[in-house]
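# Fold and geometry: a report
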Amino acid sequence: SSAFYRKYPARVAGLILAATRAGEDTPEGKANRDKAVELAKQSGASAIAESMLPKMLSPKTLSSNPELVSRVLEMMQSASLSGIIGALRGMKTRQDSTALLPQIDKPVLIFHGADDQIIPLSESQAMAAAIPNARLEIIPDAGHLIPLEQPELTNASIRRFLSHL
């Protein structure tokens, strides 16, 4: 991640950034994280899973891959309450990495799910434009969970990227 790169650039040969953004949460995004923390405290992991699942997967996956939908739902529901709250608070307070992007002097592969409902394509495009040696791959029929929804495409792309490092 960009946080690791910021601390240890000499240890990085390349970066793969998947379904992520460089910027910090907007005020609205931070408020939504607070609401999700309250929902988690009041109603548990299942409530978070039910509210987030439709946003995590592409419409195609939701309609045509019930096994994967069930597996993702089970993973989300089995998450610990402290883990969910910690993740929400961590994302809410993450450092803005936008200024770091032009300084990244390693190859970067950016994955974006074509159907991602959480992070707009424009954010991945902006990251790709700001990083000198970045390539953006838009993965079809994938939402926010790209490797789960399109494992073959994801793995082939990662293999190509690694073969050039």
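Heads up: the structure comes first, above all this text.
What counts, and at which threshold
Residues numbered from 1 in each chain as written. Predicted model: local features only at pLDDT ≥ 70, side-chain atom pairs only at ≥ 80, totals over all residues. Heavy atoms only, no water. Helix = DSSP H or I, 4+ residues; strand = E, 2+ residues; numbered from the N terminus. Expected span 1.5 Å × (residues − 1). Buried < 20%, exposed > 50% of the residue type's maximum accessible area, 1.4 Å probe, protein only. Arc of directions from axis to C-beta. Contact = heavy atoms within 4.5 Å. Axes fitted to C-alpha atoms, helices over the stretch in contact; angles between N-to-C directions. Parallel < 35°, antiparallel > 145°, perpendicular 65-115°, else oblique. Left-handed = near helix turned anticlockwise from the far one by under 90°. Nonpolar A, V, L, I, M, F, W, Y, C, P; charged D, E, K, R; others polar. Phe/Tyr/Trp six-rings, centres within 6.5 Å; stacked < 30°, edge-to-face > 60°. Lys NZ or Arg CZ within 6 Å of the ring centre and 35° of its normal. Polar contact = N/O pair within 3.5 Å; in protein donor to acceptor, adjacent residues only side chain to side chain. Pairing = 2+ DSSP bridges.

## Notes on helix α2 (residues 27-43)
- Compared with the 24 Å implied by 1.5 Å per residue over 17 residues, the 24 Å span of α2 between its first and last C-alpha is a close match.
- Among the residues of α2, those classed as buried are Gly29, Arg33, Ala36, Val37 and Ala40. Projected onto a plane normal to the axis of α2, the buried residues spread over an arc of 105° and lie on a single side. Turned more than 90 degrees away from the buried face of α2 sit Pro27, Glu28, Lys35 and Gln42, all of them exposed.
- In this fold, the buried residues of α2 make contact with α3 (45-56) and α6 (81-92).

## Focus on the packing of α3 against helix α5 (residues 66-77)
- Where α3 contacts α5, the two axes come as close as 8 Å, and the packing angle between them is 140°. In terms of axis orientation, α3 runs oblique to α5. Between α3 and α5 lies a crossing whose hand is right-handed. Each of Ala45, Ser46, Ile48, Ala49, Glu50, Met52, Leu53 and Met56 in α3 lies in contact with α5, whose residues at this interface are Val69, Val72, Leu73, Met76 and Gln77.
- Taken together, the residues of the contact of α3 with α5 break down into ten nonpolar, two polar and one charged.

## A short note on the packing of aromatic side chains
- Summed over all chains, the structure comprises one aromatic pair.
- Here Phe4 and Tyr8 contribute two aromatic rings whose centre-to-centre distance is 5.0 Å and whose plane-to-plane angle is 45°, an arrangement assigned as tilted.
- Looking at Tyr8, the relative accessible area reads 34%, which means it is partly exposed.
- Against the face of Tyr8 rests Arg11, its NZ or CZ located 5.3 Å from the ring centre.

## Comments concerning the side chain of Ser58
- Among the structural elements, Ser58 can be located in the loop between α3 and α4 (59-64).
- Here Thr61 takes part through its side chain, which lies 3.1 Å from a polar atom of the side chain of Ser58.
- The residues touching Ser58, leaving out its near neighbours within four places in the chain, are Asp115, Asp141, Ala142, Gly143 and Glu149.

## Re the sheet that holds strand β3 (residues 134-139)
- Spatially, the three strands line up as an open sheet ordered β1-β2-β3, and their pairing is parallel. The open sheet is flanked by β1 (15-18) and β3, the only strands paired with a single partner. Across this sheet, the average inter-strand angle for adjacent strands is 15°, counted without regard to direction.
- Along the sheet, helix α7 (residues 121-130) contacts β2 (108-113) and β3; its crossing angle with β3, the most-contacted strand, is approximately 160°.
- Of the strands in this sheet, β1, β2 and β3 touch helix α9 (residues 151-163), which is tilted by about 165° from β2.

## Here we look at α5
- Under the 1.5 Å per step criterion, the end-to-end length of α5 is 16 Å for twelve residues, consistent within 8% with the ideal 16 Å.
- All of the buried residues in α5 are Leu68, Val69, Val72, Leu73 and Met76. The arc that holds the buried residues of α5, viewed along the axis, is 135°, so those residues lie on one side. Exposed residues lying more than 90 degrees from the buried face of α5 are Pro66, Glu67 and Glu74.
- The inward-facing, buried residues of α5 abut α3, α4 and α8 (146-149).

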